[in-house]
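Overview (structure and organization)
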Protein chains: 2
Amino acid sequence: MTRLTLALDVMGGDFGPRVTIPAISLALKHHPTLSFILFGDQAMVTPLLTRLPTEYQQRIQLVHTPKLIDEALPFTQALRQSKGSSMYLAVHSVAQGETDGCVSGGNTGLLMGLAKQQISLLPEITRPALTSLIPTLNGKSSVMLDLGANVEADSRLLLQFAEMGNIFAQTLLDLVYPRLALLNIGTEDNKGTRQIREAHQALKLANHLNYIGYIEGDKLMNHVSDVIVCDGFNGNIALKTLEGAVKNTFSFFKKPTEDSHFCHNSKRYLLKLMFHHYYRKLQKINPDRHNGATLLGLSSVVVKSHGGANINAFYYAIEYAISQIRGEIPRKISVGLDNLSH
Amino acid sequence: MTRLTLALDVMGGDFGPRVTIPAISLALKHHPTLSFILFGDQAMVTPLLTRLPTEYQQRIQLVHTPKLIDEALPFTQALRQSKGSSMYLAVHSVAQGETDGCVSGGNTGLLMGLAKQQISLLPEITRPALTSLIPTLNGKSSVMLDLGANVEADSRLLLQFAEMGNIFAQTLLDLVYPRLALLNIGTEDNKGTRQIREAHQALKLANHLNYIGYIEGDKLMNHVSDVIVCDGFNGNIALKTLEGAVKNTFSFFKKPTEDSHFCHNSKRYLLKLMFHHYYRKLQKINPDRHNGATLLGLSSVVVKSHGGANINAFYYAIEYAISQIRGEIPRKISVGLDNLSH
C-alpha cells in the first residue's frame with residue numbers, strides 16, 4: 001500500500017476532538033501506511049493525542065488553528081470569515097497537494113463552499129454533487145447523488161450525475177455494469193418534472209450505461225438500483241426521511257424497561273439472545289456504517305461527516321475518504337468522461 | 001348521526017372486490033347510518049355480497065359496470081376512455097350529489113383527473129392538493145400535503161396548501177392552533193428553492209397561522225409539526241420513502257424461523273409476549289391506519305386508497321372519507337378562505 005495522508009478538521013461536528021481523535025486512532029490502527037495532518041485547537045486536542053500509542057502519535061501532525069467560525073453568520077459572510085479556521089485549512093491543504101483528501105464534520109454548506117472555492121472541478125464537470133452510499137435491506141449499498149449540493153438540476157446536470165455515479169459504483173462497490181435509476185414519483189414515462197423526463201429519455205439512449213428507469217422513494221432500501229440519481233433538493237429530502245425512519249426504527253429496539261410485563265430475571269438470557277438476533281439484522285442497515293458524503297466532481301476527495309456522528313460513524317467517514325483516494329475516483333471520473341466526449 | 005351515502009369503486013386496487021367488500025362490511029358494522037352505492041362487475045361482486053348479513057345487504061346498492069380501463073393507455077387516452085368505468089361512475093355520483101363522497105383504490109392519476117374534471121373546485125382554490133395523515137412515533141398523526149397532485153408549486157400555491165392543511169388539522173385532528181411547517185433541506189432562512197423561501201416569508205407574516213418554520217425529512221415522524229406543507233413532487237418522494245422504510249421495519253419483526261438458534265418449544269410463550277410488546281409499539285406507526293389520501297380543495301370528498309391495501313387498510317380509507325364528510329371539510333375550507341379574503 002502506498003503512503004496516504006489525510007487532512008482532518010478535528011474541531012468539526014457536534015462533539016469535536018472527543019469524537020474525531022478516537023476515530024483517527026481507529027483509522028491508524030487499520031491502515032499502517034496512513035498518516036494525518038490535524039487542524040484544530042491545540043489546548044483541546046493535545047490532551048487527547050497524548051493518550052494515543054506513541055506509534056500513532058508519530059503519524060499525526062497537529063496544526064494549531066484557534067480560530068472558530070461563527071455559525072450564526074449568513075453563509076457568504078461565514079465563508080469569507082472562515083479563513084484560518086480548521087475547516088478552511090484542512091481544505092486548503094488538499095488544494096495545495098499537501099494531503100490526499102480531507103474529512104470534516106462541520107457545516108455542510110460551508111465545507112461545500114470552501115471546497116468549490118479552493119479545489120478545481122474536473123474538466124468535464126459543471127457542478128459537483130454530494131454523494132453517499134445508502135444502506136439497503138440485504139446488507140449492501142446503493143450510491144445516491146445529488147444529496148444537497150444543487151437545489152435544482154436540469155437534465156444535463158442529471159446526466160453528469162449519472163455518469164459520475166456510474167464510475168463511483170464501479171470502483172467503490174466493485175460492480176461491472178451498475179444499475180442506474182432516476183428518482184421519481186412514478187415509473188411511467190410521463191411522470192415527474194420536465195427535467196427528469198428529459199434526463200430519462202437521454203439515459204435510455206446511453207448504451208454504455210445500465211439505465212433501468214425510474215425508482216420511487218419506497219424502493220430506496222431494496223437494492224433495486226446500484227446508483228440513484230436526483231437533484232440535490234429531492235435527494236436531501238429522501239435521504240433525511242430515510243435516515244429518520246431508520247433511526248426511529250432503532251429506537252424501537254431499545255432494551256425494555258424493568259417494569260415491562262415480561263422482563264423477569266429468569267428470562268434475561270433469552271431476552272439477550274433475541275436482542276442479539278434483531279441487532280445483527282439491524283446492523284445491516286446501520287447508518288453509522290454509511291456515514292460520509294463526498295463532493296463528487298472535484299479533483300480531490302473531500303468528505304463531509306454527519307455533525308452528530310459518534311466515534312464509529314466518524315471512523316467510517318474516514319474509511320470512505322480512504323477508499324475513494326485508493327480507488328482514484330477523481331481520476332477515473334475524468335478519464336471516463338473524457339473518453340465519452342471523444 | 002345523519003344518514004350518509006358513499007360511492008365506492010369496488011373494482012379499484014390490486015385485489016378488487018375481495019378486499020373492498022369485506023372492508024365495506026366493517027364500515028357498515030361501525031356506522032349504522034351509513035350506506036353504499038357500489039360500482040363494479042356484478043358477476044364478481046354479487047357472490048361476495050350475498051355472504052354479508054341481510055341487514056348490511058339492504059344498505060348496499062350495486063350498479064353493474066362491466067367496463068374496465070386499460071391501464072396501459074397513456075394518461076389522456078385512459079381518461080377519455082374511462083367513461084362508464086366503475087371509477088368514472090363513482091366520481092360521477094358524487095359530482096351529481098347522489099352520494100356524499102367516494103373512495104377508490106384505482107390509479108391515482110386517473111382518479112385525480114376524473115375528480116378535477118367532474119367535481120368543482122372550491123371558489124378560493126387554484127389547484128387541489130393530495131392530502132394524507134402520516135403516522136408519528138408517539139402514536140399521533142400529522143397532516144401532509146401536497147403528496148403528488150402538483151409536480152411543481154409556487155409560493156402562492158404553497159400558501160393555499162398551508163391554509164387548507166390548517167383547517168383540515170383543526171377539524172380532523174381536533175386541534176385549536178395546529179403547528180405548520182414547510183418541508184425543506186435545512187432550517188435556516190436561506191435554504192431551499194425560491195418558491196419555498198418566498199412561502200416561508202409570507203407564512204411568517206400570517207398571524208392567524210401557527211407557522212413554526214422549516215422541517216427536514218428526518219423529523220417527519222417526530223410530531224414536531226401538525227401540518228407539513230410541500231409541493232407534490234417532494235411530498236410524494238418523502239411519503240413513499242417514509243412508507244418504504246416503515247414497511248421494511250415491519251419486515252424485521254417477522255416471526256423467527258423454526259431453525260433460529262433461540263426458538264425452542266419451551267420458550268414459545270415468552271417469544272409470543274415479546275412479539276406482542278413490539279407489535280403494540282409498531283401498531284402506533286402502522287401504515288394501514290393511515291391509508292387514504294384526499295384531494296383537498298374540491299367541493300366534495302374524494303379519497304384514494306393504496307392500490308395494495310388489505311381489508312383493514314381499505315376500511316381505514318373509508319373511515320377517512322367518513323370523517324371528512326362528517327367534519328364538513330370542504331365547506332369549512334371554503335368559509336375559512338372566504339373569511340381571510342375579506
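Residues numbered from 1 in each chain as written. Chains lettered and ligands numbered in written order. Predicted model: local features only at pLDDT ≥ 70, side-chain atom pairs only at ≥ 80, totals over all residues. Heavy atoms only, no water.

The test is simple: UniProt positions are given in the numbering used here, feature names are shortened, and annotations may be inferred rather than shown by experiment.
In the nomenclature of an unreviewed UniProt entry, chain A is known as Phosphate acyltransferase of Otariodibacter oris. Checking UniProt for chain A, the heading Sequence similarities (unreviewed entry) contains the comment "Belongs to the PlsX family."

**Details of the domain arrangement of chain A**
Residues and elements named next belong to chain A. To keep things clear, this is the line we draw: In this entry, domain limits derive from an automatic or database-based domain assignment. Contacts: residue pairs with any heavy atoms within 4.5 Å of one another. Summed over both partners, the accessible area (1.4 Å probe) lost when two parts come together is defined as the buried area. Any carboxyl oxygen of Asp or Glu that lies within 4 Å of a side-chain nitrogen of Lys or Arg is treated as forming a salt bridge with it. Whenever two N or O atoms come within 3.5 Å, that pair is a polar contact, provided that in protein one can donate a hydrogen and the other can accept it, and provided that, for residues adjacent in sequence, both atoms are side-chain atoms. Each helix is a run of H or I in the DSSP string that is no shorter than four residues. Each strand is a run of E no shorter than two, and both are numbered from the N terminus. Three categories are distinguished: nonpolar for Ala, Val, Leu, Ile, Met, Phe, Trp, Tyr, Cys and Pro, charged for Asp, Glu, Lys and Arg, and polar for the others, with Gly belonging to the last.
Entries for chain A in the domain assignment read domain 1 (1–123 + 297–327) and domain 2 (126–254 + 266–292). Computed from C-alpha atoms alone, the centre-to-centre distance between domain 1 and domain 2 is 25 Å. Each side of the interface is counted separately: domain 1 has 21 residues, and domain 2 has 18 residues. It is Met 112, Tyr 316 and Tyr 320 in domain 1 that bury the most area against domain 2; as a group they hold 36% of the surface buried on that side. Where domain 1 touches domain 2, the interface holds zero salt bridges. There are six residue pairs in polar contact (both at pLDDT 80 or more) connecting domain 1 and domain 2. For the side of domain 1 that touches domain 2, the elements supplying multiple residues, two or more each, are helix 6 (108–118), strand 11 (301–304) and helix 11 (311–326). Of all the elements, helix 11 adds the most residues to the side of domain 1 that touches domain 2, at eight residues. For the side of domain 1 that touches domain 2, the class distribution of residues is ten nonpolar, nine polar and two charged.

**Quick look at helix 1 (residues 17–30) of chain A**
All names here are of chain A. Note the following rule: Take the residue count of a helix, subtract one, and multiply by 1.5 Å to get its expected span. Working definition: with a 1.4 Å probe on protein chains only, accessible area under 20% of the residue-type maximum means buried, over 50% means exposed, and in between means partly exposed.
With 14 residues, helix 1 extends 19 Å between its outermost C-alpha atoms, agreeing within 8% with the 20 Å of an ideal straight helix rising 1.5 Å per residue. Within the span of helix 1, buried status applies to Pro 17, Val 19, Thr 20, Ile 21, Ala 23, Ile 24, Ser 25, Ala 27 and Leu 28. Against the buried residues of helix 1 lie strand 1 (4–9), strand 2 (34–40), helix 2 (42–49), helix 3 (54–57), strand 3 (60–64) and helix 11.

**Focus: the sheet that holds strand 3 of chain A**
For sheets, the rule is that strands pair by backbone hydrogen bonds, running either parallel or antiparallel. Residues and elements named next belong to chain A. To be explicit about the condition: Here, any two strands with at least 2 DSSP bridges between them count as paired. The axes are straight lines fitted to the C-alpha atoms, using for helices just the contacting stretch, and the angles between their N-to-C directions are given from 0 to 180°.
Here we have eleven strands laid out as an open sheet, ordered 3-2-1-4-11-10-5-6-9-7-8, and mixed in their pairing. Two strands in the sheet have a free side with no partner beyond their single neighbour: strand 3 and strand 8 (210–215). Ignoring strand direction, the axes of neighbouring strands in this sheet form an average angle of 25°. Pairing between strand 10 (residues 293–296) and strand 11: two bridges, direction antiparallel. From the neighbouring strand, Ala 293 faces strand 11, where its bridge partner is Lys 304. Running at roughly 160° to strand 3, helix 2 makes contact with strand 2 and strand 3 of the sheet. In the packing of helix 5 (residues 86–95) onto the sheet, the strands contacted are strand 1, strand 2 and strand 4 (101–104), and the crossing angle to strand 1 comes to about 160°.

**Notes on the packing of helix 1 of chain A against helix 2 of chain A**
Residues and elements named next belong to chain A. To keep it simple, the criterion reads: Here the angle decides the label: under 35 degrees means roughly parallel, over 145 means roughly antiparallel, 65 to 115 means roughly perpendicular, and every other value means oblique. Crossing handedness is defined as follows: a turn of the near helix away from the far one that is anticlockwise and smaller than a right angle gives a left-handed crossing, while the clockwise case is right-handed.
Relative to each other, helix 1 and helix 2 sit at 40°, their axes nearing to 10 Å. The pairing of helix 1 with helix 2 is recorded here as oblique in orientation. Viewed along their axes, helix 1 and helix 2 form a crossing whose handedness is right-handed. Residues Pro 17, Arg 18 and Ile 21 of helix 1 touch helix 2, and the partners they reach there are Met 44, Val 45, Leu 48 and Leu 49. The residue inventory of the contact of helix 1 with helix 2, partitioned by class, reads six nonpolar, no polar and one charged.

**Focus: helix 12 (residues 329–340) of chain A**
All names here are of chain A. Threshold: In this context, the arc is that of the directions from the helix axis out to the C-beta atoms.
For helix 12, built from twelve residues, the straight-helix expectation of 16 Å at 1.5 Å per residue is met to within 8% by its first-to-last C-alpha distance of 16 Å. Within helix 12, the full set of buried residues consists of Ile 329, Pro 330, Ile 333, Ser 334 and Leu 337. Around the axis of helix 12, the buried residues are gathered within 135° of arc, so they sit on the same side. Elements in contact with the buried residues of helix 12: helix 7 (155–172), strand 10, strand 11 and helix 11.

**Remarks on the nonpolar core**
Spelled out, the test is: As used here, the term nonpolar core means buried Ala, Val, Leu, Ile, Met, Phe, Trp, Tyr and Cys residues forming a set that is joined through side-chain atoms within 4.5 Å.
By size, the foremost hydrophobic cluster in this structure holds 211 residues, and its most contacted members are A:Phe36, A:Leu38, A:Ile318, B:Phe36, B:Leu38 and B:Ile318. Not counting the four nearest positions on each side in its chain, A:Ile318 is found in contact with A:Leu6, A:Leu8, A:Ala23, A:Ile24, A:Ala27, A:Phe36 and A:Val103.

**Some remarks on the pairing of strand 4 (residues 101–104) of chain B**
Residues and elements named next belong to chain B. Where burial is concerned, the two faces of strand 4 agree: the one with Gly 101 and Val 103 and the one with Cys 102 and Ser 104 are both buried. Relative to strand 4, strand 1 (residues 4–9) runs parallel, the two being bridged by four bridges. Of the residues in strand 4, the one forming a bridge with Leu 8 is Val 103. The pairing of strand 4 with strand 11 (residues 301–304) spans four bridges and is parallel. Across the sheet, the residue bridging to Cys 102 is Val 302, located in strand 11.

**A short note on the pattern of salt bridges**
Summed over the entire model, instances satisfying the criterion amount to 16 salt bridges over all chains. A salt bridge links A:Lys204 to A:Asp189, with the nearest nitrogen and oxygen atoms 3.3 Å apart. Here A:Lys204 is found in helix 8 (residues 194–205), whereas its partner A:Asp189 is found in the loop between strand 7 (179–183) and helix 8, with 15 residues between them in sequence. Looking at A:Asp189, the relative accessible area reads 41%, which means it is partly exposed. Across the pair B:Asp226 and B:Arg179 runs a salt bridge, and its minimum N-O distance is 2.9 Å. With a gap of 47 residues between them, B:Asp226 in the loop between strand 8 (210–215) and strand 9 (227–229) and B:Arg179 in strand 7 (residues 179–183) connect regions that are remote in the sequence. On the accessibility criterion, B:Asp226 (6% relative accessible area) is buried. Judged by relative accessible area, B:Arg179 falls into the partly exposed class, the value being 25%.

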